[in-house]
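Residue-level structure breakdown
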Amino acid sequence: MDALGRLFNAATSATTAATPFGLKDAGGATIILIGATSGNATLQEAQDSAGTAAQNLACITKYYRQNAGVWTKVTQAAAATVTAGTGGLLVFEVEGSQLSDTYTHITVSHASGSFVILPRDLTVQRKPENLRAVTS
């Protein structure tokens, strides 16, 4: 079985779109920021795919930035934001257990960067064509 559908699912969100992504069949998500200029990216949680009751999710205590192929670990007090550098990659993780009660979705936004969201540790494994839409 392919890794897509067994280990992770995948979705994208462009810049400030803040599309809600469900973690219903996942233990958590790896979030990758690409194409950003400097500035903060913000993580929020929501109760559903419509973004109901969206609020900041202050759970990020570490993240990684890559420039010229080298990763740098950044640690911080628990926050809902991470600071991107111009170019390169930024990666952080969110566990499903970090969401508040009744919250099932996450959103991310940045003024200039786009995101690849990888719901991971799938609790329901399927062929890629049978995976749940992560925006539902």
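The preceding data block contains the structure.
This section reports on the structure supplied with the text. Here the residue numbers are simple positions, counted from 1 along each chain's written sequence. Reporting in this predicted model follows two pLDDT cut-offs: at least 70 for local features of residues, and 80 or more for side-chain atom pairs to be given and counted; totals over whole chains, interfaces and linings ignore these cut-offs and use all residues. Only hydrogens and water are set aside; all other atoms, that is, all heavy atoms of the structure, feed into the side-chain values.

1. Some remarks on the overall build of the protein chain
For the protein chain, the helix and strand inventory stands at one helix and eleven strands. Each radius of gyration is computed over the set of C-alpha atoms, and the globule rule expresses the reference value as 2.2 Å times the number of residues to the power 0.38. Its C-alpha radius of gyration of 14 Å places the protein chain within 12% of the 14 Å reference for a compact globule of 136 residues. Considered along the principal axes of its C-alpha atoms, the protein chain spans approximately 35 × 35 × 25 Å. For the exposure calls, accessible area comes from a 1.4 Å probe over protein chains only, and a residue counts as buried if that area is under 20% of its type's maximum, exposed if over 50%, partly exposed in between. Here the protein chain holds 136 residues, and 37% of them are scored as buried. Residue contacts are counted whenever heavy atoms from the two residues lie within 4.5 Å of one another. Restricting the contact set of the protein chain to residue pairs at least 6 apart, pairs at least 24 apart contribute 76%. Accessible surface, the protein chain: about 6,700 Å² in total, of which carbon and sulfur atoms supply 51%. Residues scored as positive are Lys and Arg, those scored as negative are Asp and Glu, and His as well as the terminal groups of each chain are ignored. Charged side chains are reduced to one point each, which is NZ for Lys, CZ for Arg, CG for Asp and CD for Glu. Here the protein chain contributes 9 positively and 9 negatively charged side chains, and the mean placements of these two sets differ by 5 Å. Only runs of H or I of at least four residues qualify as helices and only runs of E of at least two qualify as strands under DSSP, and these elements are numbered from the N terminus. Only the protein chains shown count as cover for residues, and the accessible areas themselves come from Shrake-Rupley with a 1.4 Å probe.

2. Comments concerning the nonpolar core
We call a set of buried Ala, Val, Leu, Ile, Met, Phe, Trp, Tyr and Cys residues a nonpolar core when their side-chain atoms join them within 4.5 Å. Grouped together as the largest cluster of nonpolar side chains are 25 residues, with contacts concentrated most on Ile31, Leu43, Phe92, Val94 and Ile106. Looking at this core, the elements that each hand over two or more residues are strand 3 (26-34), strand 4 (39-46), strand 6 (60-67), strand 8 (81-84), strand 9 (89-95), strand 10 (105-109) and strand 11 (114-122). If we ignore the near neighbours within four places in the chain, the residues touching Ile31 are Leu43, Leu90, Val91, Phe92, Val94, Ile106, Val108, Phe115, Val116 and Ile117.

3. Examining the sheet that holds strand 3
Two strands qualify as a pair provided that DSSP identifies no fewer than 2 bridges between them. One open sheet holds the six strands; their spatial order is 1-11-3-9-6-7, and the pairing between them is antiparallel. Since the sheet does not close on itself, it has two edges, and those belong to strand 1 (11-13) and strand 7 (70-79), each with one partner. If you compare each strand with its neighbour and ignore which way they point, the axes differ by 25 degrees on average. Pairing between strand 3 and strand 9: seven bridges, direction antiparallel. The residue bridging Ile32 from the neighbouring strand is Val91, located in strand 9. Lines fitted to the C-alpha atoms define the axes, with helices restricted to the stretch that makes contact. Angles between their N-to-C directions range from 0 to 180 degrees.

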